[in-house]
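# Fold and contact review
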Amino acid sequence: MIEVIDLSLKYPRAKQDALREVSFRVEPGEIFGFLGPSGAGKSTLQKVLTGILLQYRGSVRVFSTEVKKRTAEFYEQIGVEFEFPNFYGKFTALENLNYFASLYNRPVSDPRPLLERVGLKAEAQKRVATYSKGMKMRLAFVRAILHQPKLLFLDEPTSGLDPANARIIKDLILEQKRSGTTVILTTHNMHDAEELCDHVAFLVDGEIRALDTPHGLCAYKAEPRVEYTYRENGGEKKGTAALAALKDDLVFQKHMQSGSLTRIQTKEATLEDVFIRLTGRCLQ
């Protein structure tokens, strides 16, 4: 679906490249995530893949065609949701969706059931200018899938959403995958990436630092740890050790033999743990 080889891009008047020798490939029907802090180059990469930024070096092929040679048909097959979506504020949600649907030559879905799915049925006839950011994000998601695209680009799709609405959007993303749609997800939310993505690339300072499945990254790059609590001097204390080094933890061994351990819990590494270990950076 996507093949990128040695992609680099430098903005006009910038001192250094925003993207540097980025290479990856995305198979049809998978969710591929780019995980990184703000300013890592995630949105820039998405703009290259969607044909907005064309002053890149290297090769970027989508649907087996170099993006620089894309035609109008390219935009019939992709859906895009950016973190800060634009709508016609004086139009209602339904008027916005009907207008954007009219721009496509391919069949489009009835927007009303989709608005109901994202909790906007009661607000369908309200002007978008009155919408909160979270409402606009949900409306933008509906717009992105309205024409049933083969390839869906999502930039921070749960940004500004409460947990309940974030769950709705994530369920809809997984539905898109099950229907055969390929999804490119850019985020700094490691929970979203871990839950949704088949493959994840760590993007930092315009470079890919690691690329694997979420499970592969957590299993290979970070060692599981054990947290335990024990009774001592009338109170309860906590200890932690690497799983492989537990046999050498004298405190653990002492309280295991005395029967004063009160809890043992294995703590698996998260994507954020791995990210920090590999890059020395936080995701926020």
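Okay, so let's go over this structure.

What counts and what doesn't
- Residues numbered from 1 in each chain as written.
- Predicted model: local features only at pLDDT ≥ 70, side-chain atom pairs only at ≥ 80, totals over all residues.
- Heavy atoms only, no water.
- Helix = DSSP H or I, 4+ residues; strand = E, 2+ residues; numbered from the N terminus.
- Buried < 20%, exposed > 50% of the residue type's maximum accessible area, 1.4 Å probe, protein only.
- Contact = heavy atoms within 4.5 Å.
- Areas by Shrake-Rupley, 256 points an atom, 1.4 Å probe, with all protein chains shown as cover.
- Lys, Arg positive; Asp, Glu negative; His and termini not counted.
- Charge placed at Lys NZ, Arg CZ, Asp CG, Glu CD.
- Core = buried A, V, L, I, M, F, W, Y, C linked by side-chain atoms within 4.5 Å.
- 1 Å grid on protein atoms, 1.4 Å probe; cavity = no way out; pocket = protein on both sides within 12 Å on 5 of 7 lines; lining within 4 Å.
- Points joined across faces, edges and corners; volume = space filled by probe spheres on them.
- Pairing = 2+ DSSP bridges.
- Salt bridge = Lys/Arg side-chain N within 4 Å of Asp/Glu carboxyl O.
- Axes fitted to C-alpha atoms, helices over the stretch in contact; angles between N-to-C directions.
- Parallel < 35°, antiparallel > 145°, perpendicular 65-115°, else oblique.
- Nonpolar A, V, L, I, M, F, W, Y, C, P; charged D, E, K, R; others polar.

Before going further, it helps to spend a moment on the overall build of the protein. Summing up its helical and strand segments, the protein has 10 helices and 13 strands in all. A principal-axis box enclosing the C-alpha atoms of the protein has dimensions of 75 × 45 × 35 Å. Each of the 284 residues in the protein was classed as buried or not, and the buried ones make up 48%. Once local pairs closer than 6 in sequence are excluded, the contacts in the protein between residues at least 24 apart make up 67%. Approximately 14400 Å² of the protein is accessible, and the part contributed by carbon and sulfur atoms is 50%. Computed over 40 positive and 36 negative side-chain charges, the inter-centroid distance for the protein is 5 Å.

Residues Leu139, Ile173, Val200, Phe202 and Leu271 are the most contacted members of the largest nonpolar core, which totals 47 residues. When residues in this core are grouped by element, the largest group, eight residues, is from helix α5 (residues 133-145). Leave out the neighbours within four places in its chain, and Leu271 touches Leu35, Met190, Ala193, Glu194, Val200, Phe202, Pro214, Leu217 and Cys218. Among the nonpolar cores identified, the runner-up in size contains 25 residues, and Ala18, Tyr56, Phe153 and Ala201 belong to it.

Turning to the layout of surface pockets, a few remarks are in order. Estimated volume of the largest pocket: approximately 400 Å³. What lines the largest pocket is a set of 17 residues, and nearest its centre among them are Gly79, Val80, Phe82, Tyr104 and Arg143. Elements supplying a minimum of two residues to the lining of the largest pocket: β6 (78-81) and α5. Of the residues forming the lining of the largest pocket, the biggest block, four residues, is contributed by β6.

So, about the pairing of strand β9 (residues 199-204). Every regular strand shows the same layout, with side chains that alternate between the two sheet faces. Counting buried positions along β9 gives five out of six residues, so the element sits mostly inside the fold. Here β9 pairs with strand β10 (residues 207-212) via five bridges, running antiparallel. Residue pairing in the sheet places Ala201 in a bridge with Leu211 of β10.

Here the focus is the pairing of strand β3 (residues 31-35). Most of β3 is tucked away, with five of its five residues classed as buried. Taking every second residue as pointing to the same face, both faces of β3 are buried, with Ile31, Gly33 and Leu35 on one and Phe32 and Phe34 on the other. In this structure, β3 lies alongside strand β8 (residues 182-187), joined through five bridges in parallel fashion. If you follow Gly33 over to β8, its bridge partner there is Leu185. Bridge analysis of β3 against β9 gives four bridges, and the strand direction is parallel. Looking at β9, one finds that Gly33 is bridged to Val200.

Here the focus is the pattern of salt bridges. Inspection of the entire model under this criterion finds 16 salt bridges. For Glu3, the salt bridge is made with Arg25, and the minimal N-O distance between the two is 3.2 Å. Separated by 22 residues along the polypeptide, Glu3 in strand β1 (residues 2-9) and Arg25 in strand β2 (residues 19-26) bring together distant segments of the chain. In this structure Glu3 comes out as partly exposed when scored by relative accessible area, which is 31%. The salt bridge involving Glu27 is made with Arg25; its shortest N-O contact spans 3.1 Å. Here Glu27 falls in the partly exposed class, since its relative accessible area comes to 39%. Each of Arg167, Lys170, Asp171, Asp192 and Glu195 takes part in salt bridges that share partners, so that together they form one network.

A separate point is the packing of α5 against helix α6 (residues 163-178). A packed helix pair is summarised by two numbers, namely the angle formed by the two axes and the spacing between the axes. Contact pair α5 / α6: the axes reach a minimum separation of 11 Å and the direction vectors enclose 10°. One way to sum up the angle between α5 and α6 is to call them roughly parallel. Contact residues: Arg138, Phe141 and Ile145 in α5; Asn165, Ile169, Leu172, Ile173 and Gln176 in α6. Here the residues of the contact of α5 with α6 sort into five nonpolar, two polar and one charged.

Treat this as a map of the structure, not an account of what it does.
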